[in-house]
Every structure is written in structure tokens, then in C-alpha cells.
Amino acid sequence: MHVRVVAVAVASVLGTAALLNPISDARARDVGEPTVIAHRGASAYAPENTLASIDKAARLGFSWVENDVQRTRDGKLVVIHDDSLRRTTNVEKLFPGRAPWKVKDFTAAEIARLDAGSWYSPAYAGTRVPTLKQYMRRVEHNHEKLLLEIKNPELYPGIEQQTLKLLGHEGWLDRGHLKRLIVQSFSVGSIRTVHELKPAVTTALLGSPTAAQLRRDAPFTDLVNPSYGSLTKKYVAAAHALRGAHGRPLRVFAWTVNDAVTARKVAGCGVDGIITNKPDVVRAALGSY
Ligand code: G3P
Ligand code: CA
């Protein structure tokens, strides 16, 4: 009887830990094969950071998508990569006198008028820059998982708290959703803030910090996500040797890998995830597509 009680207790603790740790969950399923994350959605096949690009990822059979979150002049969170609207929208045409067309200088209503699809292909004309709220609802609808990047946080004081508040309102901070969410940033301060505000959230530090920096930052991050160009087996092993914010080995997601040769090379370094514009190409390269 005592043995059974202990077994149930251990199973319960392990189950809870797996629930709260999306990466260990993914590894348990894939047994050593890296998780494939669609970068800005399946952005080789649809305009980046739009609802179309995460729909495309879902249609290709990928559940993890990555995005970039910034803030408008009137304080709304929107999903877009550059700090300027120029490259991925028709802002220059609609607002010719507003150079350099910074996201932070436009209201949400103005941004909602922009075409964020035509630059990519006429087939996507009329595609919009999604608000984070619209985006989260589509991620939910598609049963996807999100690697959310807080982009340029130095431009948007308080964006960590605001993002977490929106995620909470949308139901993404409950137990079930936490295993489908990672918040990442190039800013150490931003990741530390997210961890301090909501310790249950899985966090990732973008870039290639030194081993010493990693040791310093590990208490508030669960992953380190470096560019594939700087990646070595030794670096991945050094990260895996450290315990992260939730007491597990730091994981490593490498970006942005868009060809088969690099995908196999990066997988050979022992990474836990590969962030890619072409998730189908990466999965095929890894041999299980
Ligand atoms: O997720 C990694 C990657 O998104 C970081 O670089 O510039 O594409 O946001 P960037
Ligand atoms: Ca990004």
C-alpha cells in the first residue's frame, strides 16, 4: 500500500513537471529529434507574422510558431518584426509624409488599414498586421504553440507586463496553455522581468551569451536560442550542463535554418529545437517528415 502511494505521488510530481515544461514534453515525444518551429509562421510560404503564415504552418502540420511583438503609438500590441512598417506593408504609399514609418509612431487604427501581404505576393493582398489579441485567438483556433518574442523592448517600457496581461486575459497563463508557450527576447532585462512577473512562464534568451553569462542568466531563463552560425557541439553541451529557471537543463533552439544541410549539421550539435522559415524542409532533412 505504502509503495503504491509513493508511486502515485512520484507519478503526480513527474506529470506536473512535464506539464509545466514544454520542452521536456516535446523531447519525451520526439526522443532526441529537435522540435521544429515555424519562424514568423511558415514565412517562406506566406507573409511573415500574419495570420496567413500561422495558418500555413498549421496546414503543413507544424504546431510551433514564432512571432515578434511590438507596440503602437496608442498602446496596442501588434505582431510585426521590424521597428518600421516600411518593409512589410504599404505604409509608404498610404502615409507618404510619415517617414521613417516606425511602429511606435502609428496608431492601431492606422496600422489596421495597411496591407501586409502584397509586398510578399499579390495572392496575399489585403492581409493585415495582426494585433496580438487577434493573433493569440488564431493560435488557439489552430491548436498551435507559441514562441513569442518581445521585440525591441527598449522602445516600449512596460511591454513585458502588458504582454503577460494580454496573455492572461486570453487564457494563455493557465496550466494547459503554459506548456504551449515560451517567451523569448534578445534583452536579458526583458526576460528577467517576464520571469519575475510570472515565474511559471517558460522563457528563452536569444543570442549567444558566453558560458559565464549563461551561468549568470540561467536562474531566470529555460532556454538559450543562438543563431546557427555561431553554434558548436561544445556550446550546446555547456548549455545543457546548466540548470535553468525551472531546475531543468537549459535547452537550445537554433535559428534561422532554412536548408537541409544546415539542419542536419545543427541537429548534430545536439540542439533541442530548430527555428526555420521552411519547416517542411527542416523536418524532411531530419528524416521524419
Ligand atoms: O526566433 C529567433 C529569431 O526570430 C530571432 O531573430 O530577427 O528573426 O527576430 P529575428
Ligand atoms: Ca523573432
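Structure first, text after, so check above.
Described in the following lines is the structure provided in the data block. (Residues numbered from 1 in each chain as written. Chains lettered and ligands numbered in written order. Predicted model: local features only at pLDDT ≥ 70, side-chain atom pairs only at ≥ 80, totals over all residues. Heavy atoms only, no water.)

### As for the coordination of the calcium ion (ligand 2)
And step 1. Coordination sphere of the calcium ion (ligand 2), protein contribution only: Glu66 (OE), Asp68 (OD) and Glu149 (OE), at 2.1 to 2.3 Å.
And step 2. Spacing between the donor residues of the calcium ion (ligand 2) along their common chain follows E-x1-D-x80-E.
And step 3. Exposure remark for glutamate 66: the relative accessible area of 2% places this residue in the buried category.
And step 4. Its relative accessible area of 0% is what places aspartate 68 among the buried residues. (Donors = N, O, S within 2.8 Å, 3.2 Å for Na, K, Ca; no water. Buried < 20%, exposed > 50% of the residue type's maximum accessible area, 1.4 Å probe, protein only.)

### Considerations on the packing of helix α7 (residues 159–169) against helix α9 (residues 188–197)
And step 1. Between α7 and α9, the least distance of the axes is 9 Å, while the angle of their chain directions is 45°. The orientation of α7 with respect to α9, classified from their angle, is oblique. Between α7 and α9 lies a crossing of right-handed hand. Contacts between α7 and α9 involve Glu160, Gln161 and Leu164 from the first element and Ser190, Thr193, Val194 and Leu197 from the second.
And step 2. Looking at side-chain class alone, the contact of α7 with α9 contains three nonpolar, three polar and one charged residues. (Axes fitted to C-alpha atoms, helices over the stretch in contact; angles between N-to-C directions. Helix = DSSP H or I, 4+ residues; strand = E, 2+ residues; numbered from the N terminus. Parallel < 35°, antiparallel > 145°, perpendicular 65-115°, else oblique. Left-handed = near helix turned anticlockwise from the far one by under 90°. Contact = heavy atoms within 4.5 Å. Nonpolar A, V, L, I, M, F, W, Y, C, P; charged D, E, K, R; others polar.)

### A short note on the site of ligand 1
And step 1. As a structural note, the neighbourhood of ligand 1 is formed by His39, Arg40, Glu66, Asp68, His81, Glu149, Lys151, Gln184, Phe186, Leu206, Trp255 and Ile275.
And step 2. Within the side chain of aspartate 68, an N or O atom sits 3.3 Å from an oxygen atom of ligand 1.
And step 3. When ligand 1 sits alone it has 290 Å² of accessible area, and the protein chains cover 91% of it.
And step 4. Taken together, the residues of the shell around ligand 1 sort by class into four nonpolar, three polar and five charged. (Near = heavy atom within 4 Å. Polar contact = N/O pair within 3.5 Å; in protein donor to acceptor, adjacent residues only side chain to side chain. Areas by Shrake-Rupley, 256 points an atom, 1.4 Å probe, with all protein chains shown as cover.)

### A look at the pairing of strand β2 (residues 64–71)
And step 1. Of all eight residues in β2, eight are buried; the element is thus mostly enclosed.
And step 2. Side chains Trp64, Glu66, Asp68 and Gln70 project from β2 onto one buried face, and the interleaved Val65, Asn67, Val69 and Arg71 project onto a second face that is buried too.
And step 3. Both strand β1 (residues 35–38) and β2 contribute to a ladder of two bridges, which runs parallel. Bridge pairing in β2 places isoleucine 37 opposite tryptophan 64.
And step 4. In this sheet, strand β4 (residues 145–150) lies alongside β2 in parallel orientation, the contact comprising six bridges. Paired with valine 69 across the bridge in β4 is isoleucine 150. (Pairing = 2+ DSSP bridges.)

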